[in-house]
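Coordinates in review
One-letter residues, chain by chain:
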Amino acid sequence: SRQHQSDASRSHDRVPMIWMVQPDQVERVWPDVEPMLRLANERMPPRRSTADVKQSISDGLTQLWLVVEQGTIVSATTSVVSKFPTKKVCSLLLTAGRNMSDWREPVMKAIEVFAKNEGCDEIEMLGPKGWRRLNPDFEHRGEWLVKELN
């Protein structure tokens, strides 16, 4: 129908803006970002609070990537660059937001450019099993197994 075509073309007109937040800008966006990251963090092993994540971003140790559409933050992703004896790796730790299919590809391209500029050899991500189908360009290399020691 004509209405459906109009709606479809409008959705393609929305070009997401991808923004790597600088450490001195964290306070400005944190009230909008923290609830998103809290939800993602709750699905992860309990290693850090969102306050810890915020501090790490503010200290420049963790990167915060935002997708902004029409002035609204629709997703947040955190990454960290780690140097190992044989490789430098950009790890995506937390990702949250809505309409992932609209922004996943441009965000991944931006992070890939960043990682290459940082001298990284690879990008890895930790997330739910469903992410495998959303990220076909990533090789599955096993499962992340965690046993808490009491």
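If you're wondering where the values come from, they're calculated on a predicted model, not measured in any experiment.

Attention shifts here to the overall build of the protein. Per the secondary structure count, the protein includes five helices and five strands. Burial status across the protein gives 35% buried among its 150 residues. Of the roughly 10,000 Å² of accessible surface on the protein, 50% is carried by carbon and sulfur atoms.

Between helix 2 (residues 26-42) and helix 3 (residues 50-58), the least distance of the axes is 10 Å, while the angle of their chain directions is 135°. Regarding the angle of helix 2 to helix 3, the classification is oblique. Considering the relative orientation of helix 2 and helix 3, their crossing is right-handed. Note on element contacts: helix 3 touches helix 2 through Thr 50, Val 53, Lys 54, Ile 57 and Ser 58, opposite Val 26, Glu 27, Trp 30, Glu 34, Leu 37, Arg 38 and Asn 41. For the contact of helix 2 with helix 3, the class distribution of residues is five nonpolar, three polar and four charged.

Time to look at helix 3. For helix 3, the complete set of buried residues consists of Thr 50, Val 53, Ser 56 and Ile 57. Relative to the axis of helix 3, the buried residues are bounded by an arc of 115° and lie together on one face. Gly 60 occupies a position one or two residues after helix 3 and carries a positive phi of about 80°.

Right, let's get into the nonpolar core. For soluble globular proteins, nonpolar side chains are generally found buried alongside one another. By size, the foremost hydrophobic cluster in this structure holds 19 residues, and its most contacted members are Val 29, Trp 30, Val 33, Leu 37, Leu 64, Leu 66 and Ile 73. Mapped onto this core, the elements with two or more residues apiece are helix 2, helix 3, strand 2 (63-69), strand 3 (72-83) and strand 4 (88-97). A total of seven residues in this core trace back to one element, the largest contributor, which is helix 2. In contact with Ile 73, other than residues within four places in its own chain, are Val 29, Asp 32, Val 33, Met 36, Leu 66, Val 67, Val 68 and Arg 98. Formed by 14 residues, the second largest nonpolar core is a distinct cluster that contains Val 74, Leu 92, Met 100 and Trp 103.

Let us now look at the side chain of Asn 41. Here Asn 41 lies in helix 2. Polar side-chain contacts of Asn 41 include one of 2.7 Å to the backbone oxygen of Arg 48. Setting aside its immediate chain neighbours within four residues, Asn 41 contacts Arg 48, Ser 49, Thr 50 and Leu 94.

A few words now on the pattern of salt bridges. Counting across every chain of the model gives five salt bridges. Between Glu 27 and Lys 54 there is a salt bridge whose closest N-O contact spans 3.0 Å. Here Lys 54 lies in helix 3 and Glu 27 lies in helix 2, a separation of 27 residues in the sequence. In this structure, Arg 38 and Glu 34 form a salt bridge, with 2.9 Å as the shortest nitrogen-oxygen distance. Highlighted residues: Arg 38 and Glu 34, both in helix 2, separated by four residues, approximately one helical turn. The exposure class assigned to Glu 34 is buried, which follows from its relative accessible area of 16%.

Here is what the cut-offs are and how they apply
- Residues numbered from 1 in each chain as written.
- Predicted model: local features only at pLDDT ≥ 70, side-chain atom pairs only at ≥ 80, totals over all residues.
- Heavy atoms only, no water.
- Helix = DSSP H or I, 4+ residues; strand = E, 2+ residues; numbered from the N terminus.
- Buried < 20%, exposed > 50% of the residue type's maximum accessible area, 1.4 Å probe, protein only.
- Areas by Shrake-Rupley, 256 points an atom, 1.4 Å probe, with all protein chains shown as cover.
- Axes fitted to C-alpha atoms, helices over the stretch in contact; angles between N-to-C directions.
- Parallel < 35°, antiparallel > 145°, perpendicular 65-115°, else oblique.
- Left-handed = near helix turned anticlockwise from the far one by under 90°.
- Contact = heavy atoms within 4.5 Å.
- Nonpolar A, V, L, I, M, F, W, Y, C, P; charged D, E, K, R; others polar.
- Arc of directions from axis to C-beta.
- Core = buried A, V, L, I, M, F, W, Y, C linked by side-chain atoms within 4.5 Å.
- Polar contact = N/O pair within 3.5 Å; in protein donor to acceptor, adjacent residues only side chain to side chain.
- Salt bridge = Lys/Arg side-chain N within 4 Å of Asp/Glu carboxyl O.

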